[in-house]
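# Report on the structure
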Amino acid sequence: MNSIPQVVKFLTETPAGGYPSGFLVVSNLTEKTLDEGIKDLKALMPENAFFGRGKHKGPQIIFTDDDTAEINSLKKAWPNAIFLQCQWHILQVRIGFNI
């Protein structure tokens, strides 16, 4: 069975909005695939990534949608981060908000 490639975006919040900090092009969105993709993305980051915190310590806060595989993979990569659900995704699910 052929898989349709998926693009996973990583954004850094700025006063002007989300700034792209990385992309993964993957064959599926399973936890195993995301684990490998995030591991590769971390390998490309400079040692002083995340405003000097370092690529291994990672970001302080991570916003996600309600995707279990994504959350689990990110928690493996950066277990000390605070995980919050994205406000836009909450609105989308709770009240059917769509742009």
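Computed from a prediction, not measured in an experiment: that's the story for all the values here.

With that out of the way, let us pick up the pairing of strand S4 (residues 82–85). Sheet topology note: the strand S3 (residues 61–64)/S4 ladder contains 4 bridges and is parallel. Bridge pairing in S4 links Ile-61 to Ile-82. Remark: the S3/helix H2 (residues 68–77)/S4 crossover connection has right-handed handedness.

Listed as buried for H2 are Ala-69, Ile-71, Ser-73, Leu-74 and Ala-77. By the N-cap criterion, in which a side-chain oxygen at the helix start approaches the backbone nitrogen of a residue two or three places on, H2 is capped by Asp-67, the distance to Ala-69 being 3.3 Å.

With 15 residues, the main nonpolar core has Val-8, Phe-10, Leu-24, Ile-38, Leu-74 and Trp-78 as its most contacted residues. Those elements giving two or more residues to this core turn out to be strand S1 (6–14), strand S2 (17–26), helix H1 (31–44) and H2. Among residues more than four places away in sequence, those in contact with Ile-38 are Phe-10, Leu-24, Ser-73, Leu-74, Ala-77 and Trp-78.

Despite not being glycine, Phe-50 shows a phi value in the positive range, around 60°. Topologically, Phe-50 is positioned in the loop between H1 and S3. Residue Phe-50 is classed as partly exposed on the basis of its relative accessible area, which comes to 24%. For Phe-51, which is not a glycine, the phi torsion comes out positive at approximately 55°. By secondary structure assignment, the location of Phe-51 is in the loop between H1 and S3. For Phe-51, a relative accessible area of 84% corresponds to the exposed category.

Further remarks concern the layout of surface pockets. Here the largest pocket is characterised by a volume of approximately 1,400 Å³. Lining the largest pocket are 37 residues, with Lys-9, Phe-10, Leu-11, Thr-12 and Phe-63 positioned closest to its centre. For the lining of the largest pocket, the secondary structure elements donating two or more residues are S1, S2, H1, S3, H2 and helix H3 (87–95). At 8 residues, the largest contribution of residues to the lining of the largest pocket is made by S1. Its residues assigned to classes, the lining of the largest pocket shows 22 nonpolar, 8 polar and 7 charged.

Definitions and cut-offs
- Residues numbered from 1 in each chain as written.
- Predicted model: local features only at pLDDT ≥ 70, side-chain atom pairs only at ≥ 80, totals over all residues.
- Heavy atoms only, no water.
- Pairing = 2+ DSSP bridges.
- Helix = DSSP H or I, 4+ residues; strand = E, 2+ residues; numbered from the N terminus.
- Right-handed = clockwise from strand over helix to strand, strands pointing away.
- Buried < 20%, exposed > 50% of the residue type's maximum accessible area, 1.4 Å probe, protein only.
- Polar contact = N/O pair within 3.5 Å; in protein donor to acceptor, adjacent residues only side chain to side chain.
- Core = buried A, V, L, I, M, F, W, Y, C linked by side-chain atoms within 4.5 Å.
- Contact = heavy atoms within 4.5 Å.
- 1 Å grid on protein atoms, 1.4 Å probe; cavity = no way out; pocket = protein on both sides within 12 Å on 5 of 7 lines; lining within 4 Å.
- Points joined across faces, edges and corners; volume = space filled by probe spheres on them.
- Nonpolar A, V, L, I, M, F, W, Y, C, P; charged D, E, K, R; others polar.

Keep in mind these numbers describe shape, not what the thing actually does.
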